[in-house]
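Examination of the molecular architecture
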Protein chains: 8
Amino acid sequence: MNDTNLRRMLLEFKAGAIDQDAVIEYVESGLYEDVGFAKIDHHRAKRKGFPEVIYCAGKSKQQVVEIFQRLADRSDKVLATRADSAVGEAVCEAVKDAKYHEIGQLITLGWSRSEPEVEQPYIAVISAGTSDLSVAEEAAVTAEIMGSKVVRVYDVGVAGLHRLFGELHKIEDAKAAVVVAGMEGALASVIGGLIHSPIIAVPTSVGYGAALGGMAALLGMLNSCAPGVTVVNIDNGFGAGYSAHLISTV
Amino acid sequence: MNDTNLRRMLLEFKAGAIDQDAVIEYVESGLYEDVGFAKIDHHRAKRKGFPEVIYCAGKSKQQVVEIFQRLADRSDKVLATRADSAVGEAVCEAVKDAKYHEIGQLITLGWSRSEPEVEQPYIAVISAGTSDLSVAEEAAVTAEIMGSKVVRVYDVGVAGLHRLFGELHKIEDAKAAVVVAGMEGALASVIGGLIHSPIIAVPTSVGYGAALGGMAALLGMLNSCAPGVTVVNIDNGFGAGYSAHLISTV
Amino acid sequence: MNDTNLRRMLLEFKAGAIDQDAVIEYVESGLYEDVGFAKIDHHRAKRKGFPEVIYCAGKSKQQVVEIFQRLADRSDKVLATRADSAVGEAVCEAVKDAKYHEIGQLITLGWSRSEPEVEQPYIAVISAGTSDLSVAEEAAVTAEIMGSKVVRVYDVGVAGLHRLFGELHKIEDAKAAVVVAGMEGALASVIGGLIHSPIIAVPTSVGYGAALGGMAALLGMLNSCAPGVTVVNIDNGFGAGYSAHLISTV
Amino acid sequence: MNDTNLRRMLLEFKAGAIDQDAVIEYVESGLYEDVGFAKIDHHRAKRKGFPEVIYCAGKSKQQVVEIFQRLADRSDKVLATRADSAVGEAVCEAVKDAKYHEIGQLITLGWSRSEPEVEQPYIAVISAGTSDLSVAEEAAVTAEIMGSKVVRVYDVGVAGLHRLFGELHKIEDAKAAVVVAGMEGALASVIGGLIHSPIIAVPTSVGYGAALGGMAALLGMLNSCAPGVTVVNIDNGFGAGYSAHLISTV
Amino acid sequence: MNDTNLRRMLLEFKAGAIDQDAVIEYVESGLYEDVGFAKIDHHRAKRKGFPEVIYCAGKSKQQVVEIFQRLADRSDKVLATRADSAVGEAVCEAVKDAKYHEIGQLITLGWSRSEPEVEQPYIAVISAGTSDLSVAEEAAVTAEIMGSKVVRVYDVGVAGLHRLFGELHKIEDAKAAVVVAGMEGALASVIGGLIHSPIIAVPTSVGYGAALGGMAALLGMLNSCAPGVTVVNIDNGFGAGYSAHLISTV
Amino acid sequence: MNDTNLRRMLLEFKAGAIDQDAVIEYVESGLYEDVGFAKIDHHRAKRKGFPEVIYCAGKSKQQVVEIFQRLADRSDKVLATRADSAVGEAVCEAVKDAKYHEIGQLITLGWSRSEPEVEQPYIAVISAGTSDLSVAEEAAVTAEIMGSKVVRVYDVGVAGLHRLFGELHKIEDAKAAVVVAGMEGALASVIGGLIHSPIIAVPTSVGYGAALGGMAALLGMLNSCAPGVTVVNIDNGFGAGYSAHLISTV
Amino acid sequence: MNDTNLRRMLLEFKAGAIDQDAVIEYVESGLYEDVGFAKIDHHRAKRKGFPEVIYCAGKSKQQVVEIFQRLADRSDKVLATRADSAVGEAVCEAVKDAKYHEIGQLITLGWSRSEPEVEQPYIAVISAGTSDLSVAEEAAVTAEIMGSKVVRVYDVGVAGLHRLFGELHKIEDAKAAVVVAGMEGALASVIGGLIHSPIIAVPTSVGYGAALGGMAALLGMLNSCAPGVTVVNIDNGFGAGYSAHLISTV
Amino acid sequence: MNDTNLRRMLLEFKAGAIDQDAVIEYVESGLYEDVGFAKIDHHRAKRKGFPEVIYCAGKSKQQVVEIFQRLADRSDKVLATRADSAVGEAVCEAVKDAKYHEIGQLITLGWSRSEPEVEQPYIAVISAGTSDLSVAEEAAVTAEIMGSKVVRVYDVGVAGLHRLFGELHKIEDAKAAVVVAGMEGALASVIGGLIHSPIIAVPTSVGYGAALGGMAALLGMLNSCAPGVTVVNIDNGFGAGYSAHLISTV
């Protein structure tokens, strides 16, 4: 509420350019668009640096298409997560230039894959196994659409440490590292013991039995004996990519 | 058992108007109808102020239809919850004027949408996100069929507080507020810190991973640092609407 | 923010009676008192209808005394919960007229026990067993200090239903009922099936083994098959008494 | 191993009627039939008073048919639990006089419904709701095929206590009572407070959200404040009926 | 409520021997004694076959003494559970002939150790390890004070099956067996596979780490692959002894 | 890294036979093959004594086929676990001599069933019930393809101990025993009390309700009162067979 | 292992300046100091940018003193966490200039409180309640000793949002925000919806009952509906301060 | 029961050397000593290769002393675990040559520390941190008293991998490795990926918050992505040392 708009409006109001109700309305109104089943938060781009992201789970195809279109009307970058292929197709039909990412279950507008050139800052997205790819891609694409460069380092789990050591230099030089792992999630601790940059650990639901749908990896990562590791929800590649972008642009 | 009927019957019995067995039978008999697979509780309207509500989950289409009809024979208001569309259709075919609510998965007889006129007391039903709509509608329709006026305030989650503040006056003036939210369920605490009326918080199963099917939201709401918040089961819009109606008519 | 003060200040500002900074300051400033280790929320009485309540757990004796005094300076009613006897004594020494409630572990200023006279509205506080007394008293005293009349109905658990039936008329006529029970918490469902008023169920940590510190009672109450029951946290007598008062004065 | 057979064989062996290997073989051999994928325990009828019961879950249709036939060859009573209708049909085709119980998901040979005549001892099987019928029938049929008389008292949950009181005399006179309930499972405690006979409580998976697939009812029943209540696994109608039969024939 | 008293009173009332209020009072009054902090349930002996049992945990020494005395005034048998030695001493001082059982943490009046003579029916109480003795004694003494004969078979856990087999004949001939075990609780299944009588399994909190305070044993016993096993709460020796007595006297 | 190769290369480097980059590359390079979606760990056979095993869950049919082929190119033994029949067929089409094991859901190359001849060392794989067969076969085939001889002892659960005793001599003579059991998992403790060799316990997800998808068996096995028992994840037959082979060849 | 030292040593080795063993030793040796009960990791400052931090829990006073001294010998900054006052005193006696922080339970060498001057980058450490102070101070002191400037914003929980809004400008301008909250942990989501910078949420064990020792807050924070929030272990102020410092210096 | 004694006795019996009762008694009698509160299993040394081990938790000082003495009468090696120092002193006073191990909380008779000479087979016991020492020593001493040589490798957690690599050759050459770690337990997976021998992972209760008393480490180890790892209960150093000895002597 520490708002230059408010200051300006107060002066205009004093000058008689606008009336009292306009000020009140400004203070009271939220800057969102009401489409009945949703209130689209157009103010978020300003407040958080990126437009509202569409979480497709639990929304109908029609709802996603409509929200995507409304956001696309006002922004050249739109992101939707947890979109199955039917939703993906529907949006791509409705919105020119939208792209569906099958592995990461994302729909994007205004995204392009962007690997760093020499000396450019970047984020490393690392996955332990092939089964973690979907979550890793969700993180990588999210960071890319927000403007980050991303280096992908996949399938380097601790059962074969030499694979990790072979790629370690790529990870060491990143501004931030996203580490995606299921089962026991030990990769986060191992990388946490080796590099200097902040690490965002993403537990995945890969595993069975006592993996408890990702809880084992989640608990493991929260208890990492290596400092510099923070954690997001199970399978939350989006949140990790988002935070990694924020961190790398602090 | 503090029962004027019993007093009257005792006098009649003493007077010889009725025999001993009639008194015993009165005390022993419950006021319900036995249809084999169920004992329909016709006494409940008197005892609890509203007829028995049909919980459709785990009942066959035929069972629901028969119970609905029996209740409709004795009451102008009937409510069935957790009804899928097949059950909804079957009841609507069998019972004239029954209505199926697709979003809230309810079947009603004797319901109409009822928004408050100026100065009329009402209940506010608030939801955090679009994915919580089904539970919110279950609450709203339940309160309406019981006789309450309802104002719906949807998609005002804490990720965009300005949306909430824009609608806050509607919530502040309600007799009781039902707050429906999944994920971390923080909306209940935020509204609990802002308004005076009793709040019934409904955690929903919206979310994934560490949301644990709604347990995260449930635990969050139970631990709310704001007083005046009570909680019902995950996704229990019916219970929240029911209690909100009771509260608003105390 | 639907605030008559803001409207008045805007007019005064326009009239030149106050300057722009005063308006900004008003909007920005919260109405609280900063004592270093805490920000005492004096605004709460206006916003929530009762002053901030002191949660003593995790605070030092000195901190509680200081906060209690500050609140007592501005309000004739103060409530502190989860106070052990050492804290209770310290406050009673420092603040004339403060009273320590040993069973309920509360400190009050401005409380008096208040049972209803004939026809006066009241809240019923019901406990299942003798071991639940502490939580029940927390609820009863909280409701009383907020201004409610309270009828206490203790030790009427379902293992001896006749004890409950002997007191049922007191419960039936209450505006709201607080039901306090540990172990399996079945009392909430039983009363929920018998009375018309809204019920707030308080699970207690009474029990052992699979009682899981009150989780069994909590889960049981959340799954009550009787409508009209809402639930608060384990041992949260304060929250139940607070909400019951709100409900009974809607 | 306190075995009269062994004593007799030792005498026969001493007398030369049998050789050493026969004794050894007797001690070593278990009395079962090996059909490759299973070792059918024909000794169980003697040891436990009833033949091995077939648990169909996780077995193929062919496996169930074969085991059922082998048991039917040696016993006039056979019981299979958790049988879906396809398995039921297959067994009924293969084994003359086998009967499939659709509600309870059982296949029986040698069963007949048996309600007690006056003064005959019997077991009461009580269910809280219509959705608990399947588990209640599993218990009732199990007790019947083992030789017990059974009285069924269904849909008498605590939300309408008068329904229970109307049937209470049937329950009070039973040798043992099986109480089947989901959600919060309070019915077990209520009946436990009212009757004298041993009670076997069966939690069911009926419910949603914080019912946790029956864990809420299970915990509630284990923590029952009424003595005389013992508990079996969630949805384990078979185990309850089996134990109730044992108890009623002690 | 199927009560011969009520029938008799109605006749007396009709005859004018008693007035209407006496009948009402009879119906309304529960048969309990109100001592302020507790309602002592004197009716229970009639309804459940044994007087109310005092659960000492969470009660003060004074409260236990007073309740014990009141019960001792009306009954020659009194039982209090979970009594530490201070409470035990206080009761023994106040009540002549009361006895404190240190291992089982019980106070009894009217108990004597009673092993069965030849051919007398009895209950077997079996424990897996020395650390389970306290719970086993709670079960044994409870059964004895209720009137059962008890045979104790202690320290026969499955790590040394030959110890169990050496005592098996004692267990096989019991009317009911109480099996007390911590850690993984496998003893219940093993005995369940060997004997014919009903078994009540008591998980104990003996163990560490993944024993989870007795939850591992509890879950194991609930999932026993042997039929005829029912379960009570962790460390609930009282409940097991109580039910075993009921079973053995069905 | 205690590596004779490195020593040799250093000498060659000093001798000028190879240049500095070759040494660096050797140290940095992991010995794996990058196929885009996976880094196949060819070094594992040397490091761990067996090639990388393919975990099919969460991999596409095409991915499994490709990895299987790459491994088959370099090794005469390949193992893939958790393969459904579609994946199994696809691999068998693509790789001559590959074999699909339907019960154990495995694909093997270079496996043959191998029961021990007299005096040959072997592993015993024991299962409690017919429903545990799939996990038991996963263990047995894994041990066999690694080179062990295996004796299978199936369906000898504790509900019928005589079946177990009939086969006990086979188990006693094994170098290591794999014990596969669901429900309460008591078989591990019973065998642990009877034999001398190391035991690997595999809990299975067989069961329902409080079996909690195998957690009850897992907890039971971890708390086994018999020493010499170690445990693997729920349904992890592969891990048990793998470790049993290692143990038997120590 | 992408190590300029190794390259240099290889050249020296080729030149004959060092022998083969020196190279091998370099590769093999870890850079740590072995004091018997611990291997002090002196290499960490180089690898991770800060010396090894001493976790005092579970270590004796003597062990902590010795490790602290060894680290102080090589570094002008040392940090020890979870130190009770006895340990704190012992270290302060042994190491000149060491300082014990009572609230945060830390021992530092080389720390000074450092609030930012105008335009200097800083970290905001925010706490919801007075009871969360200890964890918040652990975070703040950790960040300060690593070299960050810190602004503390304490006691601004969501029950009184105006307190938060009054301090919001301090939080908005931080490079990174550490949000410390117990109970339901909603403060993280609320701040997450309001500011642009990366947020590290620290759940605390403040609360009771269903707070489950901090699990409710942890789950709530992991499920935050606001992006840009990552989470550390319950009460892990150290980890949050450490990561916040890393982020603010990326 | 495949017992040469039985065969011999049968022949003697036939020959008249012994009577029938002797044979029966032999079969029936377990080989244990009954001291009232315990049945000491003297048969175990023969059956399991090592005498019964005394688990001191939950036993009185007197009980431990008595059992220790009885075992010492028959065996030159005795082991007691989880003994606090009071118990340790009492035993050492009563039994000459008994030794109390303070760190590992063990009492031994007949133990001596035994590190392997060159080429001797040995077990490696590895711990992640200084706080894990107690559990590691329990494992090491257990293996030693059973006859194994042990190499201890302590404080080599994954936060400083170079410490581990510096000691790796000691671990690689062991017959079996015991890996002791708390927090996230990642060390088991890392070593599992590096060595060939069987690994027994011991989770410890070291950690706080989401470590859940060792459950995080336990789940992590059960889900290890590296094959060859089996797991024992939290803090169960004894079980790990016991199994490691068995494995190394297969």
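So, here is what we can say about the structure in this document. Note on numbering: residues in each chain are counted from 1, in written sequence order. Here the convention is simple: chains get letters from A, ligands get numbers from 1, in the order in which they are written. Per-residue local features are limited, in this predicted model, to residues with pLDDT of at least 70; the limit for side-chain atom pairs, both in listing and counting, is 80 or more; totals at the level of whole chains, interfaces and linings are taken over all residues. In computing side-chain values, all of the structure's heavy atoms are included and hydrogens and water are not.

Moving on: the overall build of chain A. Working definition: helices are DSSP H or I runs of at least four residues, strands are E runs of at least two. Numbering for both runs from the N terminus. Broken down by element type, chain A carries ten helices and eleven strands. The burial tally for chain A puts 67% of its 250 residues in the buried class. Only heavy atoms enter the contact rule, under which two residues are in contact if any of them lie within 4.5 Å. Relative to all contacts within chain A whose residues are 6 or more apart in sequence, the contacts with residues 24 or more apart total 64%. Only carbon and sulfur atoms are counted for the fraction: they give 47% of the accessible area of chain A, which is about 8,500 Å². Between the centroid of the 22 positive side chains of chain A and the centroid of its 31 negative side chains there is a distance of 3 Å. Only protein chains enter the accessibility calculation, which uses a 1.4 Å probe; a residue whose area is less than 20% of its type maximum is buried, one above 50% is exposed, and one in between is partly exposed. Per-residue accessibility takes into account occlusion by the displayed protein chains alone, with areas from the Shrake-Rupley method and a 1.4 Å probe. Charged-residue counts in this description rest on Lys and Arg as positive and Asp and Glu as negative, His and the chain ends being excluded. We put the charge of a Lys on NZ, of an Arg on CZ, of an Asp on CG and of a Glu on CD.

Tallying the contact residues gives 23 residues for chain B and 23 residues for chain G. Here chain B packs against chain G, burying approximately 1,900 Å² in sum over the two surfaces, 72% of which is carbon and sulfur. Taken as a group, Glu184(B), Asn223(B) and Cys225(B) account for 30% of the area that chain B buries against chain G, more than any other trio of residues on that side. Definition used for salt bridges: Asp or Glu carboxyl oxygen within 4 Å of a side-chain nitrogen of Lys or Arg. The tally of links from chain B across to chain G stands at zero salt bridges. Polar contacts here mean pairs of N or O atoms no more than 3.5 Å apart (in protein, one a potential hydrogen donor and the other a potential acceptor; neighbouring residues in sequence count only if both atoms are side-chain atoms). If you look at where chain B meets chain G, you find eight residue pairs in polar contact (both at pLDDT 80 or more). In short, buried area is how much 1.4 Å probe accessible area vanishes from two parts on joining, totalled over both.

Another point: the relation of the copies chain H and chain F. By a simple turn and slide, chain H fits onto chain F: the slide is 0.0 Å along the axis, the RMSD is 0.2 Å, and the turn is 180°. What the superposition gives is, in effect, a two-fold axis relating one chain to the other. Across chain H, the rotation axis passes nearest the C-alpha of Val231(H), at a separation of 2.5 Å. In this assembly, 100% of the residues forming the interface of chain H have copies in chain F that are likewise at the interface, indicating an isologous arrangement. Copies overlap after least-squares fitting; the atoms used are the C-alpha atoms of residues with pLDDT of at least 70 in both.

Glancing now at the arrangement of the chains. At their nearest point, the C-alpha atoms of chain C and chain F are still 13 Å apart, with no contact between the two. Separating chain E from chain G is a minimum C-alpha gap of 15 Å, and the two share no contact.

All names here are of chain E. Given a rise of 1.5 Å per residue, 14 residues ought to cover 20 Å, and the 20 Å separating the end C-alpha atoms of helix H6 (residues 133-146) matches this to within 8%. Of all 14 residues making up H6, 13 are buried, and the element is well covered by its neighbours. Of the residues flanking the end of H6, it is Gly 147, one or two places downstream, whose phi is positive at about 120°. Here the expected span of a helix is defined as 1.5 Å times the quantity of residues minus one.

Attention now goes to the environment of Val95(F). Residue and element names in this part refer to chain F. Here Val 95 is to be found in the loop between helix H5 (85-94) and strand S5 (98-101). Sequence separation between Val 95 and Gln 69 is 26 residues; the distance between their C-alpha atoms is 6.7 Å. Excluding residues within four positions of it along the chain, Val 95 makes contact with Phe 68, Gln 69, Ala 72 and Leu 109.

Any Phe, Tyr or Trp ring, taking Trp's six-membered ring, that has another such ring centre within 6.5 Å forms a pair; planes under 30 degrees apart are called stacked, those over 60 apart edge-to-face, and the others tilted. Within the structure shown, the criterion is met by 20 aromatic pairs over all chains. Ring centres 5.7 Å apart and planes at 65° place the aromatic pair Phe238(B) and Tyr242(B) in the edge-to-face group. Residue Phe238(B) and its partner Tyr242(B) are both found in helix H10 (residues 237-248); the two are separated by four residues, about one turn of the helix. Of the two residues, Phe238(B) and Tyr242(B), neither departs from the other in class, the shared state being buried. In this scheme, Lys NZ or Arg CZ marks a charge over a ring once it lies within 6 Å of the ring centre and within 35 degrees of the ring normal. A cation sits over an aromatic face here: Arg82(G) above Tyr208(H), 3.6 Å from the ring centre.

Here we take up the sheet that holds strand S5 (residues 98-101) of chain B. Residues and elements named next belong to chain B. Strand order in the open sheet made by the four strands is S3-S4-S6-S5, with mixed pairing throughout. Of all strands in the sheet, those with a lone pairing partner are strand S3 (54-55) and S5, marking the two edges. With four bridges connecting them, S5 and strand S6 (residues 106-109) associate as antiparallel partners. Its bridge partner lying in S6, Tyr 100 is registered against Ile 107. Note on geometry: axes are lines fitted to C-alpha atoms, helical ones only across the stretch in contact, with angles between N-to-C directions running from 0 to 180 degrees. Contacts between helix H5 (residues 85-94) and the sheet are confined to S5 and S6, with S5 contributing the most and set at about 165° to the helix. When DSSP locates at least two bridges between a pair of strands, those strands are taken to pair.

Let us look at the sheet that holds strand S4 (residues 78-81) of chain D. Whenever strands of a sheet pair, they do so through backbone hydrogen bonds, lying parallel or antiparallel. Residue and element names in this part refer to chain D. Strand order in the open sheet made by the four strands is S3-S4-S6-S5, with mixed pairing throughout. Looking along the sheet, the strands with just one partner apiece sit at the ends: strand S3 (54-55) and strand S5 (98-101). By the bridge criterion, three bridges tie S4 to strand S6 (residues 106-109) in an arrangement that is antiparallel. Counterpart to Val 78 in the pairing with S6 is Leu 109. Running at roughly 165° to S5, helix H5 (residues 85-94) makes contact with S5 and S6 of the sheet. Contacting S4, S5 and S6, helix H6 (residues 133-145) runs over the sheet at an angle of about 15° to S6.

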